[in-house]
Amino acid sequence: MDELILFVNGTKVSVKNPDPETTLLQFLRNDLHLKGTKLGCGEGGCGACTVMVTHFDHKENNYKHLSVNACLAPLCSMHGVAVTTVEGIGNVKNGLHPVQERLAKSHGSQCGFCTPGFVMSMYSLLCSDPQPSEAAIEEAFEGNLCRCTGYRPILEGFRTFTVTKSGTDSGYCLSECQGGQKDLLCVSGKNKGKGCSGICGKEREKLSGNLVNVEEFMPLSKDIHLPQPFKELEEVAAGCEKQSLVFKSERMTWYRPTSLDELITLKNKHPISKIVIGNTEIGVEIKFKNMHYPVIIAATHVAELNAVQYLDNGIRIGASVTLEKLEKVLKNAINSMEESKMRFFAAIVEMLRWFAGPQIRNVAAIGGNIVTASPISDLNPLFLSAGCMLTLASISGGRRTVNMDDGFFTGYRKTKIKTDEILVYIHLPFTAENEYFYGYKQSQRREDDIAIVNAGMRVLFEKDSIIIKDMTLSYGGMAPFTVMATKTTNELKGRKWDDELVTKASQLLAKELPLLPGTPGGMEAYRCSLTTSFFFKFYVSVRLLLEKKMPNLFEYMLPNQFQSISRTHHREPSRGVQVFEDAPQGQITVDAVGRPLPHVSAVKQVTGEALFVDDMPVFKDEYYLSLVVSTKAHARIVNVDPSEALKMPGVVDYVSWKDIPGENKCGTVISDENVFAVDLVTSQGMIIGAILADNQSHAQRAAKAVKVEYEELLPIITIEEAIAANSYLMPPKTIESGDVATALAKSDHVIKGELRIGGQDHFYLETQATLAVPKDGGGEMEIFCACQDPAYLQRAVADVLGIDCSRIMARVKRLGGGFGGKESRFALLALPVAIAAYKHNRPVRCMLDRDEDMIMTGTRHPYLVKYTIGVTKEGKIEALDIDFYQNSGYSLDLSMSVMDKTLLHADNAYRIPNIRVTGHLCLTNTPSNTAFRGFGAPQAILTCEHIITEIIHTLKLSPIKVRELNMYKEGDITFYNHPIENWTARRCWDDVLKQSDYENRKLQVDEFNRHNRWLKRGLSVIPLKYGLSFGFSPLNRGCALVHIYLDGSVLISFGSVEMGQGLNTKMIQVASRVLRIPTSKIYVSECNSSQVANTSPTAASMGSDLNGMAVMNACETLMGRLEPYIKSKPEGPWESWINSAYMDLLNLSAIGFFQIPGLGYDWESNSGRYFVYFTMGAACSEVEIDCLTGDHTVLRTNIVMDVGKSLNPAIDIGQIEGAFLQGYGLYTLEELRYSPTGYLYNRGPGAYKIPSIGNIPIEFNVTLLKEAPNPKAVYSSKGIGEPPLCLSVSIFFAIKEAIGAARKEVGLEGPFSLDSPATAERIRMACIDEFTKQHPEPKPGTFTPWFVKL
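Residues numbered from 1 in each chain as written. Predicted model: local features only at pLDDT ≥ 70, side-chain atom pairs only at ≥ 80, totals over all residues. Heavy atoms only, no water.

Chemist: Even after reading the chapter, I still don't get the overall build of the protein, so can you show me in this structure?
Modeler: Of the regular secondary structure elements, the protein holds 36 helices and 49 strands. Since a compact globule built from 1350 residues should have a radius of gyration of about 34 Å, the 31 Å found for the protein is in line with a globular shape. Principal-axis analysis of the C-alpha atoms gives the protein an extent of 95 × 80 × 75 Å. Burial analysis of the protein (1350 residues in total) assigns 64% to the buried set. Partitioning the contacts of the protein with sequence separation of at least 6, the portion at a separation of at least 24 is 77%. Carbon and sulfur atoms make up 51% of the accessible area of the protein, which totals about 47400 Å². (Helix = DSSP H or I, 4+ residues; strand = E, 2+ residues; numbered from the N terminus. Rg over C-alpha atoms; globule rule 2.2 N^0.38 Å. Buried < 20%, exposed > 50% of the residue type's maximum accessible area, 1.4 Å probe, protein only. Contact = heavy atoms within 4.5 Å. Areas by Shrake-Rupley, 256 points an atom, 1.4 Å probe, with all protein chains shown as cover.)

Next up, the structure:
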């Protein structure tokens, strides 16, 4: 058969001769032009490509609705199914679906790139469960990532679909209370943080209005508005399921057999073919590992492989049974059968909780998990320990049974299964009454993450005894394949289940499962400690059950402090309160300033109609560009040979530095980078050339075929290597105030130390993208680019093409996230695209794949900090001397400005009378690091608070008292001579202490720690002072152009870019106040260099300040012109004033301009004003850590933020929450791992982990400080995009407090080292105990590490 039939959004689609290499995502976007489904990663790790796939199950006679990653799903696998995309459920013209409406109105969409994926995950859930629980909703999003919102508004918008126990709609989170008053917030007692219960009678705080009016939401109809003609689907599916399929292309053949005999025959004919079910492994290998498989066999429609059979001794599961189905089968068994038989099944179900996201579990099969033989498979350690039996089939050997034992895995990705054999069944055995089974997994992030180490553990006791009859221990992550600790278990058989067993097992495991320094994967000591920590958890869990069952067999009971070890992780549904000032009474209705309006593009974003660069329609004769980049960190280029690539199908040209008509140079501050490398590469990912082809697939395939010959040179990768080689970009910069040397000499205590702060990838969901369109015979060029600085884009393109800026039109509609990563590094892609377009006089497009983006574009700067503190015995800082060493990468870029921001935030919110701060820019052979939200301040704030914490721990003083003792006061002067004025940091501090109930909770934390040995909690509160301005004074300007048209509508243009921060919305609100018209009449189209010239970057949290004043200025000019008409006819309407003015030849367009007065700091004399004002705040966070694994949970965060008088409270709160969670990633999760030769290991969401929905604080409360107007910005507001990120250091130091409590258990008190990020590895290894002592860290310099600290 050569025809594929499927339904897409209700329309039957027939595809002749589909290409087996085409994914569903490519088909939807390129063939059907459904651009709502996005490419975020290409490996099923971000959820931006989520669609719903519906198929009819004839056996169960019902429809199955599954969320699926379209980026991995082969188009050929869609035969006979229905696909629903975000466009299929609602649109702006015909109306939104309730899922789309609630997300838009709940402020759950910021940049909008991830939004369609969230919509479709929720929609898929509702189709299967119209009344889901809160937990089910959170679980549905475990495979979806958002970098903007912080997830809270997404959850709260969708939580309105849940139903309470009484059967009524839950309404909106916290909009109802438990019998008290609806508008009161309980601040103490059991109901704290929720609606007032009217019971406790204690202090309550009046809440402001809701961010969302839930009563406006349309109801969810019972049929969920499914777009598919399901009767026809049922008929088509019936025929499709019986059809064997063969689809062929030039490079690949796809088979889909429908019987086991046919499958076996195909496997015999093609023994090296790959068998797929969900394509979740093979799809990644093809996309990112350059693997090519000529034959693919889809075993999805073989009845025997999909069967489930209950037997007397267990359950037989077909190899094609999906993990989603497996979970349901096992849960049903657990709920219907006796507990003792279900212990192995319970371990599988628990492990599946943390196995990828729903989109993967819905399609990935149990058989695939076994035969791919991953050394970190989550299920294989369980199967090995249970001794599962496999049924295999082949033509040559018929059927045979294989035991999953210690010989099943024979090497890396190898098993006993022969190449011509098919895995048919896996037998999952019941457990005996005296048999116990547990599974364990530790990963960087709990949800949707691969394991660092995992384990399956089983013990069988002699009857009515605690004597071990048999035991199996299996581990993943400790060898190139899953291993069984057979020597250990053989030694332990016959022993009693007592404390001596733990000591013996730990010694045996350490000997049997060693990891040499430099082992692939690194973290050797941590991984080894996990093997024994897991065993200890297993021991305690089983012992507690035995003590309950047979207490007389034990000499003593385990202490109560051990009880928490046995509990599985359970997370309560997240909740939170947002408090803000309402717009004042009497404010006219059309004045939108201060109102929580939704993002103006939200409705387009939730329907997938908001266009990003790569969503733009393909131009006629358009080419696609793919980059050829360096694979070496430091090398001379000996030769570049594109000849083989140029022979490949669809390839047009190879473009290099020889094709540049202008300058082969670029750079923001100085032009110190080549657009294309000429004879030297100084980092992996540096651009050497580019391939042009007729489509993306051809271009990317050919780019990999370009041969580059190198002569390798010694690279400098780390800061220490740069220091040793004296490798710096420029001389150090120092600010000094007071007499540091004298103050240190007179101090009661002098403390010295070091701190390391890791980098962070921007991980904007939309990668770098550019479309260049030559105009007027090539004399002009229009550039559509995902960038934060259209003016720099215009200048840089003009320079490389050798033409005037006036001929370059830079256009930016919106960004799918930026965070500083698109302020300058967009040029890496934009310039080659422009050069290629200019050369061929044709449109050229490119959007980087995720791995390309991560290896090329740079990150937040890693830092090494060395400091000396002088302090009094009371804890008052007298002197501070700091050296900040920054890993800048291979070029300057914005590193100098980033360091400036670091130096100026070294004091955070504290007055330090004698201080010297010095910055060093280290030149290394890593990608050039760049701007990132916070721009150097997050590193400085962490350093400052680390120093405060060192004082507290050294002198054993109160954290609150030390911070208050050193805190600035109104009228103080900073060390860079900036006056402290309108000082609200202390108000924020006092409010957050009160709202968090800090003193009582500190007592509760101490009490918890006394009663729990292996779980510890920590509580930390942090103040913040964050300076606002561009360091380069000419950038502190804003320009706007406002047009009023004859119908009364208004078009605003200004110099900044909408990237999710709500800037367009705020500018419309500003215009509505001045013009006194509804926001519906005001529109922002795009940022366009032909409309507003010489603009500043959209950065530094200055977008609203600069552009808001410019928009206000332009609107006031227009209102001044209209004033005579308004006075003559005050009743209006608006349109009549406009028409009268037009008839009188009045100019209905105006330019607005604003510059911040009085800025200009002189570094030499330490004089002048650097910042226009400070944004201030405070945060209190509480965490719980697992001392045995390093896992942690953020229990609660309270934030109080001074945003002045908010232009839009919903947007400002969204910025606070999103920035805070991004900072949480910086300080705890996100670790860049480079090899000693400069190779980046984690270059996608599979290995690089940003916070997911399960990482938000369980209770997340945000308050905007009231009555705090800012006289120095538009309508008394403040910039808010960056400052809240720094408050997430409260989580870092809460973790450190919890670690301190764990160390106290073994007699270790006082200061200790904890670098950032505080990963699970660092947390665990800092909680020193008998298990970590068995595995000391190897001495640096004695081995070559797997990855290094930059």
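The structure having been displayed, the exposition proceeds.
Chemist: Looking at this structure, I do not really get the nonpolar core. What am I missing?
Modeler: Note that soluble globular proteins tend to have their nonpolar side chains buried in a common cluster. Counting residues in hydrophobic clusters, the biggest one holds 335 residues, and the most contacted among them are Tyr 475, Trp 497, Phe 535, Phe 536, Leu 625 and Trp 1134. Looking at this core, the element that brings in the most residues is helix α16 (residues 524-549), giving 13 residues. With residues up to four places along the chain from it excluded, the contact list for Phe 536 reads Val 502, Phe 562, Ile 565, Trp 1014, Leu 1188 and Phe 1331. The next biggest cluster of nonpolar side chains, apart from the first, holds 91 residues, and it includes Val 15, Phe 247, Phe 430 and Phe 437. (Core = buried A, V, L, I, M, F, W, Y, C linked by side-chain atoms within 4.5 Å.)

Chemist: Hey, could you run me through a nonpolar patch on the surface in this one?
Modeler: On the surface, a cluster of nonpolar side chains totalling about 330 Å² of accessible area is made up of Leu 1046, Tyr 1142 and Met 1143. Residue position: Leu 1046 is located in the loop between β40 (1037-1044) and β41 (1050-1054). Here Leu 1046 falls in the partly exposed class, since its relative accessible area comes to 39%. (Patch = residues over 30% accessible without salt bridge, like charges linked within 9 Å, V, L, I, M, F, W, Y side chains within 5 Å. Salt bridge = Lys/Arg side-chain N within 4 Å of Asp/Glu carboxyl O.)

Chemist: Help me out: how do you make sense of helix α22 (residues 790-801) in this one?
Modeler: Since one α-helical turn is 3.6 residues long, residues separated by three or four positions face the same way. For α22, with twelve residues, the first-to-last C-alpha span of 16 Å sits near the 16 Å given by 1.5 Å per residue. Across the twelve residues that make up α22, a large majority, ten, are buried. For α22, the full list of buried residues reads Pro 790, Ala 791, Tyr 792, Leu 793, Gln 794, Ala 796, Val 797, Ala 798, Val 800 and Leu 801. Here the buried face of α22 lies against β33 (780-785), β34 (808-812), α23 (827-840) and β43 (1087-1088). Just past α22, the residue Gly 802 takes up positive phi, approximately 70°. (Expected span 1.5 Å × (residues − 1).)

Chemist: Any chance you could explain the sheet that holds strand β11 (residues 295-298) here in plain terms?
Modeler: Across a sheet, paired strands are connected by hydrogen bonds in the backbone, their directions being either parallel or antiparallel. In space, the four strands of this open sheet follow the order β8-β9-β11-β10, with mixed pairing throughout. Two strands in the sheet have a free side with no partner beyond their single neighbour: β8 (245-248) and β10 (274-276). Along the sheet, successive strands turn relative to each other by an average axial angle of 20°, direction set aside. Note: strand β9 (residues 253-256) against β11, three bridges, orientation parallel. Opposite Thr 253, over in β11, you have Val 295 as the bridge partner. Along the sheet face, helix α7 (residues 260-269) touches β9, β10 and β11 and points at about 165° away from the line of β11. (Pairing = 2+ DSSP bridges. Axes fitted to C-alpha atoms, helices over the stretch in contact; angles between N-to-C directions.)

Chemist: Explanation requested: the packing of aromatic side chains in the structure shown.
Modeler: Centre distance and the angle of the planes are the two values used to describe a pair of aromatic rings. Inspection of every chain in the model, using the stated rule, returns 40 aromatic pairs. Look at Phe 344 and Phe 437: their rings are 4.8 Å apart centre to centre, the planes differ by 50°, and that puts the pair in the tilted class. Here the residue Phe 344 occupies a position in helix α10 (residues 343-352), and Phe 437 occupies one in strand β19 (residues 435-443), the gap between them amounting to 93 residues. Phe 344 gets classed as buried once you look at its relative accessible area, which sits at 1%. Here Phe 437 falls in the buried class, since its relative accessible area comes to 4%. Aromatic pair Tyr 436 and Phe 461: ring centres 6.0 Å apart, planes at 65°, arrangement edge-to-face. Of the two residues, Tyr 436 is situated in strand β19 and Phe 461 in strand β20 (residues 451-461); the sequence distance between them amounts to 25 residues. A residue is classified by how much of its surface remains accessible, and Tyr 436, at 3% relative accessible area, is buried. A relative accessible area of 1% means that Phe 461 is categorised as buried. Site record: aromatic cluster; members linked through ring pairs are Tyr 436, Tyr 438, Tyr 440, Phe 461, Trp 497, Phe 534, Phe 535, Phe 538 and Tyr 539. The cationic tip of Arg 1013 hangs over the ring face of Trp 1014; the distance from NZ or CZ to the ring centre is 3.9 Å. Across from the ring centre of Phe 1312, 5.2 Å away, lies the NZ or CZ of Lys 1296, which sits over that ring. (Phe/Tyr/Trp six-rings, centres within 6.5 Å; stacked < 30°, edge-to-face > 60°. Lys NZ or Arg CZ within 6 Å of the ring centre and 35° of its normal.)

Chemist: Explain the pairing of strand β37 (residues 877-889) to me, please; I cannot follow it from the model alone.
Modeler: Side-chain positions along a regular strand alternate between the two faces of the sheet. Summarising burial for β37: eleven of the 13 residues are buried, a large majority. With nine bridges joining them, strand β36 (residues 863-871) and β37 adopt antiparallel strand pairing. The partner of Gly 870 across the bridge, within β37, is Ala 879. The hairpin formed by β36 and β37 contains five residues between the paired strands, and Gly 875 there has a positive phi angle of roughly 100°. Relative to strand β38 (residues 914-923), β37 runs parallel, the two being bridged by ten bridges.

Chemist: Sorry, what's going on with the sheet that holds strand β22 (residues 483-484) here?
Modeler: One open sheet holds the four strands; their spatial order is β19-β20-β21-β22, and the pairing between them is antiparallel. The open sheet has two edge strands with one neighbour each: β19 and β22. Taken together, the eight bridges between β20 and strand β21 (residues 468-476) define a ladder with antiparallel strand orientation. Following the sheet pairing, Met 457 is matched in β21 by Leu 473.

Chemist: How do you make sense of the pairing of β41 when you look at a structure like this?
Modeler: Burial within β41 is extensive, with five of its five residues counted as buried. Judged by which residues are buried, β41 turns out to be covered on both faces: Val 1050, Ile 1052 and Phe 1054 on one side and Leu 1051 and Ser 1053 on the other are all buried. Two elements, β40 and β41, share five bridges in a ladder whose sense is antiparallel. Directly across from Val 1042, in β41, lies its bridge partner Ile 1052. Hairpin connection, β40 to β41: the antiparallel pair is bridged by five residues, and Gly 1048 has positive phi, about 90°. In this sheet, strand β42 (residues 1082-1084) lies alongside β41 in parallel orientation, the contact comprising three bridges. Opposite Leu 1051, over in β42, you have Tyr 1083 as the bridge partner. After leaving β41, the chain enters helix α30 (residues 1063-1075) and then returns to the sheet as β42, a path that is right-handed. (Right-handed = clockwise from strand over helix to strand, strands pointing away.)

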